[in-house]
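# Report on the structure
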Amino acid sequence: MAASSTTKIAWRLQEFEAHSSSISCLALGKSSGRLLATGGEDCRVNIWAVSKANCIMSLTGHKNPVESIHFNVSEEQVVAGSQSGSIRVWDLEAAKILRTLMGHKANITSLGFHPFGDFLASSSMDTNIKLWDVRRKGYVFRYKGHTQAVRSLAFSPDGKWLASASDDCTVKLWDLAQGKTITEFKSHTAAVNIVQFHPNEYLLASGSSDRTIKLWDLEKFTMIGSLEGDTTPVRCICFSPDGSCLYSGATDSLRVFGWEPDRCFDAVPVSWGKVSDLAICNQQLIGVSHQLSSVSSYVVDLKRVKKSGGAVIQGIIQDDQPLTEPKKDPKGAALRKNYERPTTTCRSQRYGERRSPSEDEADEKLSSAEIHNAEDYKAIFQPKSAISRTPPKMSEPFPAPPEDGESSTPTVISAVKRPSPPAAGTVSSSHPAPTQPPVTAAKSKPQLKIISSARNEPIGLNVADFLPVSAPLSDEEALTQMKKGHETMCVMLSSRLKNLQTVRGVWTRDGIKIALDTAVSMSDPSIVVDILNIINPQSLWKLDVCMTVLPQLDKLLQSKYESYIQTGCTSLKLVMKHFWTLISDTLKATPSVGVDITREERHQKCRVCCKQLKNLSNIVKNKATQVGRHGSTFKELQLLMAPLDDSP
């Protein structure tokens, strides 16, 4: 058993409720890989120890949802930016607000601490990048040049350059001292989500929604590689500590890339969904993701991940083909220039004069740090006079769970909301491990079992049907066992495809309203969900559409399928946001003189929609009492639907 427990490559460490409302951002401490900060719509920043579901401290002071968060190199400070454009820096050791910085006019999208000095970079939806001197409460430089929102910032290891990635498909390199652009890279064909410097060499990596990673030589300012193969947008990238390979995090996958020549060393399936941040510690890669109000953390054992070999990338990665060893070029990557790090800090260095004053000093007095776990706080954020610095640099690796045939089954879990596939057909949550401390959010789950939208196994199949019985089976008997239910599944999928093709034809010919009526008449909720998932992102809603859809949301909100619940909640939010004012004003309006057929029709539609919304409001109120991320979603809906209580 001991031997088998070492064969796992990736597993889920835990999942827990981190905020009272939806989480909007999170960040790992890169030095230790053991600290986690989360920011939410509740305007709080919560600090956690990875693998523990008890919050160490909550940082308050923001008056708007927190949109971006980042630790400094020593993990003694954390900075958070809000939806209003304000930035707050906290000293974690002293458990107090250090600085409030004002200056951006829109959402903060990215933050970064300078590797040595008391400087901080921030970017915003206003397309500006600002460099702040934390000691002087004012920005030093403003960097302008991007035409759309800036999504990622990174300082070079020597602290002289700043790289920025933007929705305008470009990556810019800035000279901090001169306050101007050094160069611009334009090879991406979609928004650039993340940018990262090589730890030693003059090399820059950028990951994009075009599903590629570009590598840029910072001596020649040319692209030296394009790493392809991810099937979803690249969300996170991380160089190995020695710089020998690059880890790419995308939806439910981790890839390990090499360059010169471009190749993929390994591809590891990890059920982390849309991963938000990566960190490396003790030859383990830690990945974290969030959904609604819950956070999930995952571990990948890098000792079991290939970091050499792999196939040369030629459009599509061929992971299973042997790589012909490239000829060594004496003028190649091995001789690329390395960064020269200063021997002392640059605390006395100034990149320019202070350009703007900061505002709202009184806000700092209103900000506070609420310590929830004094024991963990003392253990992690020791005073500076202590000999031991924490988080510990030599912390123990996270143990892999016992082998059970799946690479992502959690064992150290505080509150599992999205079940991994320990066995096909399993829909119940795993229980906390005996050694895990009790967590309030995980104790009670009175609601019905919800089949997760992130499941990796088919529903309704028993894994035992595909395993040999006690007596050895012949090949023919084994095939018969494996084909159980196959014909039924094919019939169901064929029927669903036929129905969708019918709805598509009606939509093309008669429009969205008739297509929805057709979908409803088929009495198949999956078809309605498919249509709503097309309508919702494209804002194709009309009052007629509301009348057809609202009666169907009753079934979706009370469904056992998480994907149906999510689609129903999204649709209901859109209806309330875009149509409630119209419905309310129409019903309250004084009757007009004479006959107005159009007005009468609109009034009738609004009356029907209002009645349906009131029925749905009762369902939402009942669901809002649930614990967990579904309860949080329904609580948000309950607040949004509060005006219904005052309607006639």
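Residues numbered from 1 in each chain as written. Predicted model: local features only at pLDDT ≥ 70, side-chain atom pairs only at ≥ 80, totals over all residues. Heavy atoms only, no water.

Looking up the chain in an unreviewed UniProt entry gives the name Katanin p80 WD40 repeat-containing subunit B1, with the organism given as Haplochromis burtoni. According to UniProt, the comment filed for the chain under the heading Sequence similarities (unreviewed entry) is "Belongs to the WD repeat KATNB1 family." Within the UniProt record for the chain, the comment given under Function (unreviewed entry) is "Participates in a complex which severs microtubules in an ATP-dependent manner. May act to target the enzymatic subunit of this complex to sites of action such as the centrosome. Microtubule severing may promote rapid reorganization of cellular microtubule arrays and the release of microtubules from the centrosome following nucleation." (UniProt positions renumbered as here; feature names shortened; annotations may be inferred.)

## Notes on the packing of aromatic side chains
On inspection of all chains with the given rule, the structure shows nine aromatic pairs. Both rings, one in phenylalanine 141 and one in tyrosine 143, keep their centres 6.0 Å apart while their planes meet at 45°; by these two values the pair is tilted. What makes phenylalanine 141 buried here is its relative accessible area of 11%. Centre to centre, the rings of tyrosine 561 and tyrosine 564 are 5.1 Å apart; their planes meet at 50°, and the pair counts as tilted. (Phe/Tyr/Trp six-rings, centres within 6.5 Å; stacked < 30°, edge-to-face > 60°. Buried < 20%, exposed > 50% of the residue type's maximum accessible area, 1.4 Å probe, protein only.)

## Some thoughts on the sheet that holds strand S28 (residues 294–301)
On the basis of which strands lie adjacent, the open sheet formed by four strands has the order S1-S28-S27-S26 and antiparallel pairing. Both edges of this open sheet fall to strand S1 (10–17) and strand S26 (275–281), since each of them pairs with a single strand only. Within this sheet the neighbouring strands show an average axis-to-axis angle of 20°, counted without direction. As defined by bridge partners, S1 adjoins S28 across seven bridges and the pair is classed as antiparallel. In the strand pairing of S28, alanine 10 is matched with valine 300. (Pairing = 2+ DSSP bridges. Helix = DSSP H or I, 4+ residues; strand = E, 2+ residues; numbered from the N terminus. Axes fitted to C-alpha atoms, helices over the stretch in contact; angles between N-to-C directions.)

## A short note on helix H10 (residues 597–623)
Between the first and last C-alpha of H10 there are 39 Å, a value that for 27 residues agrees with the 39 Å anticipated at 1.5 Å per step. Buried residues of H10: Arg599, His603, Cys606, Cys609, Cys610, Gln612, Leu613, Leu616, Ser617, Ile619, Val620 and Lys623, and no others. (Expected span 1.5 Å × (residues − 1).)

## Regarding the sheet that holds strand S9 (residues 96–101)
Strand order in the open sheet formed by four strands is S6-S7-S8-S9, and the pairing between neighbours is antiparallel. Of all strands in the sheet, those with a lone pairing partner are strand S6 (66–71) and S9, marking the two edges. Between one strand and the next, the sheet's axes are offset by a mean angle of 20°, whatever the strand orientation. Pairing between strand S7 (residues 77–82) and strand S8 (residues 87–91): five bridges, direction antiparallel. Bridge pairing in S8 places valine 78 opposite tryptophan 90.

## Focus: the pattern of salt bridges
As enumerated under the stated definition, the model contains 14 salt bridges in all. Arginine 135 serves as the salt-bridge partner of aspartate 118, at 3.7 Å between the closest nitrogen and oxygen. Here aspartate 118 is found in the loop between strand S10 (108–113) and strand S11 (119–124), whereas its partner arginine 135 is found in the loop between strand S12 (129–133) and strand S13 (138–143), with 17 residues between them in sequence. Classification of arginine 135 by relative accessible area gives partly exposed; the value is 34%. Two residues, aspartate 133 and arginine 135, come together in a salt bridge whose shortest N-O distance is 3.2 Å. Look at the salt bridges and you will find they share partners, linking Asp118, Asp133 and Arg135 into a network. (Salt bridge = Lys/Arg side-chain N within 4 Å of Asp/Glu carboxyl O.)

## Some words on the pairing of strand S27 (residues 284–291)
Of all eight residues that make up S27, seven are buried, and the element is covered over most of its length. Bridge count between S26 and S27: six bridges; the pairing is antiparallel. Looking across to S27, one finds that alanine 279 is bridged to isoleucine 286. Connecting S26 to the antiparallel partner S27 that follows it, the hairpin turn spans two residues, and asparagine 282 within it adopts a positive phi of roughly 55°. Bridge analysis of S27 against S28 gives eight bridges, and the strand direction is antiparallel. Pairing of glutamine 291 across the sheet is with serine 294, part of S28. In this antiparallel pair of consecutive strands, S27 and S28, the connection spans two residues, and leucine 292 shows a positive phi of 55°.

## With respect to the pairing of strand S17 (residues 180–185)
The pairing of strand S16 (residues 171–175) with S17 spans five bridges and is classified as antiparallel. For lysine 172, the partnering residue across the bridge sits in S17 and is glutamate 184. Once S16 ends, the chain turns through four residues before running back antiparallel as S17, passing glycine 179 with a positive phi of about 70°.

## Digging into the packing of helix H8 (residues 543–557) against H10
Where H8 contacts H10, the two axes come as close as 10 Å, and the packing angle between them is 20°. For the element pair H8 / H10, the angle class is roughly parallel. For the element pair H8 and H10, the recorded crossing hand is left-handed. Of the residues in H10, those in contact with Leu543, Asp544, Cys546, Met547, Leu550, Pro551, Leu553, Asp554 and Leu557 of H8 are Arg602, Lys605, Cys606, Val608, Cys609, Gln612, Leu613, Leu616, Ile619, Val620 and Lys623. Across the contact of H8 with H10, the residue classes break down as 14 nonpolar, one polar and five charged. (Parallel < 35°, antiparallel > 145°, perpendicular 65-115°, else oblique. Left-handed = near helix turned anticlockwise from the far one by under 90°. Contact = heavy atoms within 4.5 Å. Nonpolar A, V, L, I, M, F, W, Y, C, P; charged D, E, K, R; others polar.)

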